[in-house]
Structure formats: C-alpha cells, structure tokens
Amino acid sequence: MSHILHRTANNNMPVAVSGSRIEIVDADGRRYLDASGGAAVSCLGHGHPDVLAAMHKQLDALAYAHTAFFTTEVAERLADRLIEDAPAGLSRVYLVSGGSEAIEAALKMARQYFVEIGEPERRHVIARRQSYHGNTLGALAVGGNAWRRAQFEPLLIKTHHIDPCYAYRLRREDESNADYAARGAQALEDRIVEIGPDRVMAFVAETVVGATLGAVPAVGDYFKRIRSICDRYGVLLILDEVMCGMGRTGTLHACEQEGVAPDLMALAKGLGGGYQPIGAVMLSNRIAQAFANGSGAFQHGHTYMGHPMAAAAALAVQDVIRRDRLLANVVEMGARLERRLNERFAQHPFVGDIRGRGLFLALELVSDRASKRPFDPALKLHARVKREAMAQGLMVYPMGGAIDGVQGDHILLAPPFIIGPSEVDMIVERLGASLEAALAGVR
C-alpha cells in the first residue's frame, strides 16, 4: 500500500522510473509517448543532457541560499533573460516555485500597488468562467471552474466572473468573430461599471485557456479591446500564461499573437520544463516603482523563491529553446499536428471542435455534432479516454465537461517542442485507437 495521498484515492498508479526525449518508462518496462508534456510542462521532453549538465554545475557550486540574505548569479541571469524577451513594459521578475504561487503573488502585487498609490478602495478582481488559475485559495477564488471551487467556496474571497471568449459555444450564428469579440469584451466593461470603476483592481485571464476549456484562443481583437478597457478604468491586466506561455503556442509569450502586453504576467510549467519546480511573475516598471517609492518592499515571500537549482534549470531550458530554434519547430509541428487531427477527426461523429495554437491543441467531444450536446458527465468519458490512452502507451490530458453541462469533455495535447513528424503521426494514430476504445462503451 502506498503511503502517498495520490490525486485519486484507490488508484494503483504505475511507477515512472526513467524518461528519454518524449517517452516515459514505468517499472514494468512499458513506454508512454508523452503527448501532453505531463500537464503542458515538459517542453524539452525528458533527460535533456544540456539541462542536466547545468543542474549538476549549479549543484556543485551552490544548492540553496535564502533570498532574505542573498541573490545568486544564476537567478539574476534568468531574470535578465526573461526581461530581454518580455512583452513591452515588463521590467521586473519575481521568482517562485509554480503557477499557483505566481498567481497568488500577482494578486497581492495588484492589491499592494493600489494601496501604495493611495487607492485602497480597489479590491475587486474580475476573471472568467471556466478558467483555471491554480489551486491555492487566492488562485482558486479567481478561477472560474465551478467543480473545483464548490466545496471550498466558504473559504474563498469574493470575486466576479464573466463569460470566456469561447467562440465554439458562445458565438451566435449571426455574429462574425469581430462582432463576438466586441460583445465578449463589452462584458468586462459592463461588470467594471456595475461594481464601480474605482473599486476594481484587476482582470485576470488565460491568454489561451488551458485545462478547463481545452486550448481555447480568443478571436478577433478581443484582447486589444480588453487592454483598452483596463486602461480606460485604471484596472490592471493580469495574464495567466502558466500553461500557454513560454513557447507553447509558437511565440515565447502567447500575448505576442494578440498584440497586447499585460501589467502582470504569471509563468511556470514550460519555464523550467519540469526539471525543477519554478514559476515567475513579470511585472511592469510602474508597479515595481510604486513599491520602491512607497513602503519599500513587496509584502510577500516564500522559502524557496529564487531557488538557484530551479533558476539554473529554467535558464538552461530557455537557452536550448533559443539555440535550437525550437519555436520554429513548435510552429511547424503544431501545423502538422493540427492538420493530422483534422484529417483523422474533423468528420468524426463525436468530435465537435479541433482548436488551439502551436503545440497546444485540443479536441472537444460531443454526443451530437449538430446540437453540440455534451456527453452525460456521469459517463466520465474523459477518464475513459485517459485509461485507454495509457493502455495504448499514450499520455494525453483529458478533462471533463463543465459542471453546468454546457461544455463537452475535451482532450488536450501539448507535446514537447522537440517532437518530429513521425512522432506527431504516432500521437494521432494512438489517439484514434484510444478514443474509439473509450467510446465503444458509451455509444
């Protein structure tokens, strides 16, 4: 019996013992093609020699130094690299240990910023339904996934939610992408006005919605309109690129493709590629200056923030992505994967939508294509898909539909950036077999 409290009780987990490139091997010798990067984490795959060498070098020099006493060269170099490639206006980096920590820090930065500049009445946060921003209480409070929030609701701060930009489900038949983008963004302005323009501190959104919707990009000029609305009312824009950022969509930051820059941006997952736990908040100069010219400090901190081993791993990951021009491969292999998915599933009676950007793609499953009716959540189709995929030696990231029954189950794909054509084809082949096996028991 395992003494670990696993994510799912009474689940006999396979034991991972090794990994190489885009495969993980378990204790029984079974090999699994990592088509999801774990949870969109392993951007360089497993066992990359350059990352391992950088970690060994850092371990030989210094494993840990508390940031209340020291900074380290490797953490400074990582911050330099991140700002070098940052969206316009972002000038500082706050290093943490993961995505939830990054969102918590961003929320507290937003709050403290307004306290520092003499607007303490700004305390309300607006986010979007069916979003996911992490599992700590602050991150869960701004997240819009009802199932995750339900039992913890009494512990959560009050937040406000508007609809996501989710064209497959929410765009009307008589609307163009431009018209729908305008209507979707207007919902933010309406909510700001409803709450009180001088009481809202931030709007939080995933640039491309990840786990809870399944690789859903915005349409039209949605984010440009969002940026304009935030500026009009003095609201900070926090973009969550924990899952969709650091090259996953084909540009280092997903917001580059939207033509906008946030005031605060959360990073993790692909930042360190899974080689060490690391996350970051990138913040604008005006926020950093408000702290420097006011109280003199950001009132927050974690024991392992700026960890030298984590910084060394992340810097090595980013060096490899740049040196090997892997963003070009994300674009090329992403286009191939999308094409192959459409060839295999575009006419499938139970696949309603194929969407995403770069190597961040998803299939939404429906029981009826014409009406877009989801499968009954009680069937737990996503769990069947995962089980059958593992039996096929394939790792994908399926999620169940929305608690209100509007959204269908979906399958998220986020393979490593080093993937090649034959491996793309293998993913689609195994996914087809897995999906047919999962559907066989529910048709």
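In the block above lies the structure referred to throughout.
Residues numbered from 1 in each chain as written. Predicted model: local features only at pLDDT ≥ 70, side-chain atom pairs only at ≥ 80, totals over all residues. Heavy atoms only, no water.

Colleague: Report on the packing of aromatic side chains, specifying residues and quantitative values.
Modeller: If you walk through the whole model with that rule in mind, you get six aromatic pairs. Ring geometry for Tyr222 and Phe223: centres 5.1 Å apart, planes at 85°, overall edge-to-face. Exposure remark for Tyr222: the relative accessible area of 0% places this residue in the buried category. On the basis of relative accessible area, Phe223 is assigned to the buried category, the value being 1%. One aromatic cluster is present, formed by Tyr94, Phe291 and Phe298 through successive ring pairs. One cation-aromatic arrangement involves Arg148 over Tyr132; the distance from NZ or CZ to the ring centre is 4.5 Å. Directly above the ring of Tyr168 sits Lys372, whose terminal nitrogen or CZ lies 4.4 Å from the centroid. (Phe/Tyr/Trp six-rings, centres within 6.5 Å; stacked < 30°, edge-to-face > 60°. Buried < 20%, exposed > 50% of the residue type's maximum accessible area, 1.4 Å probe, protein only. Lys NZ or Arg CZ within 6 Å of the ring centre and 35° of its normal.)

Colleague: Before we move on, could you go through unusual backbone geometry and cite the residues and values that matter?
Modeller: Peptide bonds are, in most cases, trans, and in most cases residues other than glycine have a negative phi. Despite not being glycine, Ala215 has its phi angle at roughly 50°, a positive value. Tracing the chain through its elements places Ala215 in the loop between β8 (208-209) and β9 (216-217). (Helix = DSSP H or I, 4+ residues; strand = E, 2+ residues; numbered from the N terminus.)

Colleague: Summarise the pattern of salt bridges; cite the residues concerned and give the values.
Modeller: Pairing of side chains with opposite charge becomes possible as their charged atoms draw close. Per the counting criterion, the structure on display carries 27 salt bridges. With its nearest N and O atoms 2.8 Å apart, the salt bridge here joins Arg323 to Asp324. The exposure class assigned to Arg323 is exposed, which follows from its relative accessible area of 52%. Salt bridges here are not isolated pairs; linked through shared partners, they connect Arg336, Arg339, Arg340, Glu343 and Asp425. (Salt bridge = Lys/Arg side-chain N within 4 Å of Asp/Glu carboxyl O.)

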